[in-house]
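# Topology and contacts: notes
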Amino acid sequence: MGFTCGIVGLPNVGKSTLFNAITAAHAEVANYPFSTINPNVGIVPVPDRRLDRLTEIYKPERTVPTTLEFLDIAGLVRGASKGEGLGNQFLSHIRNVDAIVHIVRCFDDPNVVHVDGLVNPKRDIEVVEAELILKDLETVERRHGEAEKRSKTGDKKLKDEADFYTRVRDHLGTGRLARYLPLHTDEERLWLRELHLLTSKPVMYVCNVHEKHYSTETEYVRHVQEIAAREAAKVVVISAEVEAEIAELPEAERAEFLRGLGLEESGLNQFIREGYDLLNLITFFTVNPKELHAWTVHKGTTAAEAAGLIHTDFQRGFIRADITKFADLDRFGSEAALKEHGLLHIHGRDYVMEDGDVMFVRFNV
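Let us look at the structure shown here. Along each chain, residue indices are assigned from 1 in the same order as the chain's sequence is written. Only residues with pLDDT of 70 or above have their local features reported here, since the model is predicted, and side-chain atom pairs are shown and tallied only from 80 upward, although totals for entire chains, interfaces and linings are computed over all residues. With hydrogens and water stripped out, all remaining heavy atoms of the structure feed into the side-chain values.

### Let's talk about the state of the cysteines
By convention in this document, the label disulfide applies to cysteine sulfur atom pairs within 2.5 Å. Under the counting rule described, the total for this entry stands at 0 disulfides. Residue Cys207 stays outside any disulfide, its sulfur separated by 4.0 Å from that of Cys106, the closest cysteine.

### Overview of the sheet that holds strand S2 (residues 40-45)
Think of it this way: DSSP has to see at least two bridges between two strands before they count as a pair. Put simply, DSSP H or I for four residues or longer makes a helix, DSSP E for two residues or longer makes a strand, and each gets a number counted from the N terminus. Across the sheet, which stays open at both edges, the 6 strands sit in the order S2-S4-S1-S5-S6-S7 with mixed pairing between neighbours. Here the strands that pair on one side only, and so sit at the sheet edges, are S2 and strand S7 (234-238). The average angle at which neighbouring strand axes cross in this sheet is 25°, direction not considered. As judged from the 5 bridges shared by strand S6 (residues 203-208) and S7, these two strands associate in the parallel manner. Bridge pairing in S7 links Tyr205 to Val235. By definition in these notes, contact holds between two residues if any of their heavy atoms fall within 4.5 Å. Angular values range over 0 to 180 degrees, each being the angle between N-to-C directions of two axes fitted as lines to C-alpha atoms, with helices fitted over their stretch in contact. Across the sheet, helix H10 (residues 267-278) lies against S2, strand S4 (67-72), strand S5 (99-105), S6 and S7, angled at about 165° from S7, the strand it touches most.

### Points about the packing of helix H8 (residues 240-248) against helix H9 (residues 251-260)
Relative placement of two packed helices is described by the angle separating their axes and the distance separating the axes. Close contact between H8 and H9 brings their axes to 9 Å; oriented N to C, the two are set at 150°. In this view, H8 runs roughly antiparallel relative to H9, as classed from their interaxial angle. Contacts from Val242, Glu245, Ile246 and Ala247 in H8 reach Arg254, Phe257 and Leu258 in H9. Here the contact of H8 with H9 is composed, by residue class, of 5 nonpolar, no polar and 2 charged. Any angle that is under 35 degrees is reported as roughly parallel, and any over 145 degrees as roughly antiparallel; angles of 65 to 115 degrees are reported as roughly perpendicular and all others as oblique. Gly falls in the polar group here, along with every residue not listed as nonpolar (Ala, Val, Leu, Ile, Met, Phe, Trp, Tyr, Cys, Pro) or charged (Asp, Glu, Lys, Arg).

### A closer look at the pattern of salt bridges
For salt bridges, the criterion is a side-chain nitrogen of Lys or Arg within 4 Å of an Asp or Glu carboxyl oxygen. Tallying each qualifying case throughout the model produces 26 salt bridges. The closest approach of N and O atoms between Lys325 and Asp357, which form a salt bridge, is 2.7 Å. With a gap of 32 residues between them, Lys325 in strand S10 (residues 318-325) and Asp357 in strand S12 (residues 357-363) connect regions that are remote in the sequence. Among the charged side chains, a network of salt bridges with common partners joins Asp48, Arg50 and Asp355.

### Here we look at helix H2 (residues 49-58)
When accessible area is computed with a 1.4 Å probe and restricted to protein chains, residues below 20% of their type maximum are described as buried, those above 50% as exposed, and intermediate ones as partly exposed. Residues of H2 that are buried: Arg50, Leu51, Leu54 and Ile57. For H2, the buried positions fall inside an angular range of 125° around the axis, keeping them on one side. When the buried face of H2 is taken as reference, the exposed residues oriented beyond 90 degrees from it are Arg49 and Asp52. Where the residues of H2 are buried, they touch strand S3 (62-64), strand S8 (281-287), strand S9 (291-298), helix H13 (326-332) and S12. In the stretch just after H2, Lys59 is the one whose phi turns positive, near 50°. The directions from the helix axis to the C-beta atoms form the arc being described.

### Quick notes on the environment of Tyr276
Within the secondary structure, Tyr276 is located in helix H10. Look at Tyr276 and you get buried, because its relative accessible area is 8%. Spatially, the C-alpha atom of Tyr276 lies 8.9 Å from that of Thr67, the residues being 209 residues apart in sequence. Look past the residues within four positions of Tyr276 in its chain and what remains in contact with it is Val46, Thr66, Leu68, Leu281, Ile282, Thr283, Trp295 and Thr296. Looking at Tyr276, its side chain comes within polar contact range of the main-chain oxygen of Ile282, at 2.7 Å. In the analysis that follows, any N or O atom pair within 3.5 Å is treated as a polar contact, provided that within protein one partner can donate a hydrogen and the other can accept it, and provided that, for residues neighboring in sequence, both atoms belong to side chains.

### Details of the side chain of Thr139
Position of Thr139 relative to the elements: it lies in helix H4 (residues 121-151). Apart from the residues lying within four places of it in its own chain, the contact partners of Thr139 are Arg95, Leu195 and Leu197.

### Overview of the packing of aromatic side chains
Under the pairing criterion, centres of Phe, Tyr and Trp rings, with the six-membered ring standing for Trp, must be within 6.5 Å; the plane angle then separates stacked pairs below 30 degrees from edge-to-face pairs above 60, leaving the rest tilted. Under the criterion given, the structure shown has 5 aromatic pairs. Ring centres 5.9 Å apart and planes at 55° place the aromatic pair Phe164 and Tyr165 in the tilted group. Each member of the pair, Phe164 as well as Tyr165, is classed as buried. Centroid distance Phe164 to Trp191: 5.7 Å. Interplanar angle 45°. Geometry classified as tilted. Pair noted here: Phe164 is in helix H5 (residues 156-173) and Trp191 is in helix H6 (residues 186-195), with a separation of 27 residues, a long-range link. Site record: aromatic cluster; members linked through ring pairs are Phe164, Tyr165 and Trp191.

### Examining the pairing of S8
With 7 of its 7 residues buried, S8 lies for the most part within the structure. The side-chain alternation of S8 yields two buried faces, one formed by Leu281, Thr283, Phe285 and Val287 and the other by Ile282, Phe284 and Thr286. Sheet topology note: the S8/S9 ladder contains 7 bridges and is antiparallel. Following the sheet pairing, Val287 is matched in S9 by Leu292. Following S8, the chain reverses through 3 residues before pairing antiparallel with S9.

### Section: H9
The buried fraction of H9 amounts to 1 of the 10 residues, a small share that puts the element mostly on the outside. Downstream of H9 by one or two residues, Gly262 has phi in the positive range, about 80°.

Right, here's the structure in full:
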């Protein structure tokens with residue numbers, strides 16, 4: 001798997017409640033800041049109706065979904081980049097994730113203390129992002145100083161690198177996140193990647209709303225949507241409390257509960273899928289009589305690279321990949337029917353995998 005999303009936000013915005021609903025991990029939930037000192041970790045199956053259809057067609061002994069890993073990271077506050085509220089420790093956890101899920105409080109409740117007194121999604125987002133930017137500025141300043149020393153040798157590439165760090169520093173200094181910095185060359189993309197900046201990670205905003213507002217749009221949610229629209233970011237609306245209730249219900253009762261709320265599916269299903277999409281991932285499948293398995297890879301992964309995920313020997317001795325498309329299997333109902341219609345495709349190692357591919361690897365070692 002190896003793909004992780006860090007759940008961040010101010011204290012008391014519902015991070016741990018949502019994390020519990022996602023993972024059924026029962027992390028500590030408390031109405032006071034910093035109740036989550038170390039990150040809780042949960043591995044979550046990605047909802048995929050295609051697995052049900054493939055299971056129906058192939059009837060394997062077991063079905064294995066693909067997964068994402070979520071880290072519930074303690075609440076950030078003003079001054080976190082300088083160590084307030086154990087902030088440096090929390091920020092180090094964020095540095096290790098592939099993407100950030102930013103939970104934003106979009107509900108009023110006098111019984112749940114807001115760290116800044118009143119609910120204000122725009123301000124809350126700015127507080128968290130400002131702390132991430134300040135931490136990144138420390139990283140860039142340090143790297144810039146090192147690059148300037150090296151550039152005194154007169155090497156043009158070293159001078160270009162130092163100039164790039166100056167541009168990153170100036171960009172962050174305007175309050176903009178690193179992921180919105182225009183990159184002009186492969187070298188700039190490499191230099192930025194090697195900085196491992198917190199604000200270069202993709203972000204999804206999750207609006208945590210009151211139960212009565214689950215299927216409606218509130219002013220708080222509109223504020224978050226406006227911010228996300230400017231940043232071309234994703235937004236998901238969820239009631240963490242409702243999702244926690246759903247997680248406690250038997251599987252057979254959940255659909256009826258959702259219908260009673262006017263919902264077709266759990267908000268968590270959408271949340272998990274959006275997290276999957278946020279990381280630019282696709283799913284392919286392998287199947288044999290014993291096991292149907294969903295696999296996670298980045299878009300652009302080749303057939304040989306995908307085979308290596310299953311087993312290193314498959315990539316080392318790769319000969320070819322027999323590929324069928326889920327849409328074709330869903331339509332015709334069997335591999336035999338696909339063969340009759342000429343829909344079994346044979347590809348070499350450089351074939352780029354597509355979402356929904358069902359692959360059988362032929363190899364020799």
